[in-house]
Every structure is written in C-alpha cells, then in structure tokens.
Amino acid sequence: MVAFIAMGHDKRLATQLRRRTPEKNLHRLEAWGGWAGSLAAQLLLRHKTRKASYQRIYRPIALGWVTACAVVGTLHLLQRFYI
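Residues numbered from 1 in each chain as written. Predicted model: local features only at pLDDT ≥ 70, side-chain atom pairs only at ≥ 80, totals over all residues. Heavy atoms only, no water.

### A word on the environment of Ile-57
Part 1 of the reasoning: For Ile-57, the position within the fold is in helix H3 (residues 52-82).
Part 2 of the reasoning: Among the residues examined, Ile-57 registers a relative accessible area of 43% and is labelled partly exposed. (Helix = DSSP H or I, 4+ residues; strand = E, 2+ residues; numbered from the N terminus. Buried < 20%, exposed > 50% of the residue type's maximum accessible area, 1.4 Å probe, protein only.)

If you want it as structure tokens, here you go:
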C-alpha cells in the first residue's frame with residue numbers, strides 16, 4: 001500500500017511539474033516488499049511503465065519476490081503433505 005501511494009504521489013508531482021520522488025526511494029519500497037503495490041500503481045496509474053531504466057531495476061526486484069514466495073510456498077506444501 002505504501003509503494004502504491006508513493007507511486008501515486010510521484011505521478012501527481014510529475015503532472016504538476018514539481019520536484020519528484022527519487023527513483024531510488026521508490027525502488028527501496030519495492031525491495032522491502034512493496035513490489036505488488038508498485039505494479040498495481042504502474043498498471044492503474046500508467047506511471048513508469050515505459051521508462052526502461054526504471055523497469056531494469058523494478059523487474060529483478062519483483063522477480064526475486066515472486067521467486068521467494070514460490071519457494072516458500074512450495075516448501076510449506078512439501079512440509080505439510082510429506083513430513
């Protein structure tokens with residue numbers, strides 16, 4: 001939720017031609033777990049979707065979280081049914 005709000009705030013600042021939120025701060029929120037909120041903001045607000053330099057950092061963060069969730073979920077299922 002925090003990453004979604006931060007992306008929305010940055011989008012508002014961009015449309016008002018005001019000083020923007022540094023991308024490193026947005027990426028930090030994504031790395032702390034806000035990758036899904038950031039994705040939702042990108043899709044719903046159409047913000048930062050075409051900026052290649054932003055996506056080059058965002059995508060590995062999101063992929064890492066998805067991979068970690070898949071591994072933890074698989075281990076949980078294996079533990080539940082086979083141990």
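### Quick notes on the nonpolar core
Part 1 of the reasoning: In this structure, Ala-6, Met-7, Leu-26, Trp-35, Ala-41, Tyr-54, Tyr-58 and Ala-62 together form the largest nonpolar core, which totals eight residues.
Part 2 of the reasoning: For this core, the elements supplying multiple residues, two or more each, are helix H1 (2-15), helix H2 (23-45) and H3.
Part 3 of the reasoning: Excluding anything up to four places from it in sequence, Tyr-58 contacts His-27, Glu-30, Trp-35, Ser-38, Leu-39 and Gln-42. (Core = buried A, V, L, I, M, F, W, Y, C linked by side-chain atoms within 4.5 Å. Contact = heavy atoms within 4.5 Å.)

### Here's the deal with the packing of H2 against H3
Part 1 of the reasoning: Contact geometry of H2 with H3 gives a least axis separation of 9 Å together with a crossing angle of 75°. The orientation of H2 with respect to H3, classified from their angle, is roughly perpendicular. Together, Glu-23, Leu-26, His-27, Glu-30, Ala-31, Trp-32, Gly-33, Trp-35, Ser-38, Leu-39 and Gln-42 of H2 and Tyr-54, Gln-55, Ile-57, Tyr-58, Ile-61, Ala-62, Trp-65 and Val-66 of H3 make up the contact between the two elements.
Part 2 of the reasoning: Each residue belonging to the contact of H2 with H3 can be placed in one class, and the counts come to twelve nonpolar, five polar and two charged. (Axes fitted to C-alpha atoms, helices over the stretch in contact; angles between N-to-C directions. Parallel < 35°, antiparallel > 145°, perpendicular 65-115°, else oblique. Nonpolar A, V, L, I, M, F, W, Y, C, P; charged D, E, K, R; others polar.)

### Considering a nonpolar patch on the surface
Part 1 of the reasoning: Together, Val-71, Leu-75, Leu-77, Leu-78, Phe-81 and Tyr-82 make up a nonpolar patch on the protein surface, roughly 680 Å² of accessible area in all.
Part 2 of the reasoning: Here Val-71 shows up in helix H3.
Part 3 of the reasoning: When its relative accessible area of 45% is taken as the criterion, Val-71 is described as partly exposed. (Patch = residues over 30% accessible without salt bridge, like charges linked within 9 Å, V, L, I, M, F, W, Y side chains within 5 Å. Areas by Shrake-Rupley, 256 points an atom, 1.4 Å probe, with all protein chains shown as cover. Salt bridge = Lys/Arg side-chain N within 4 Å of Asp/Glu carboxyl O.)

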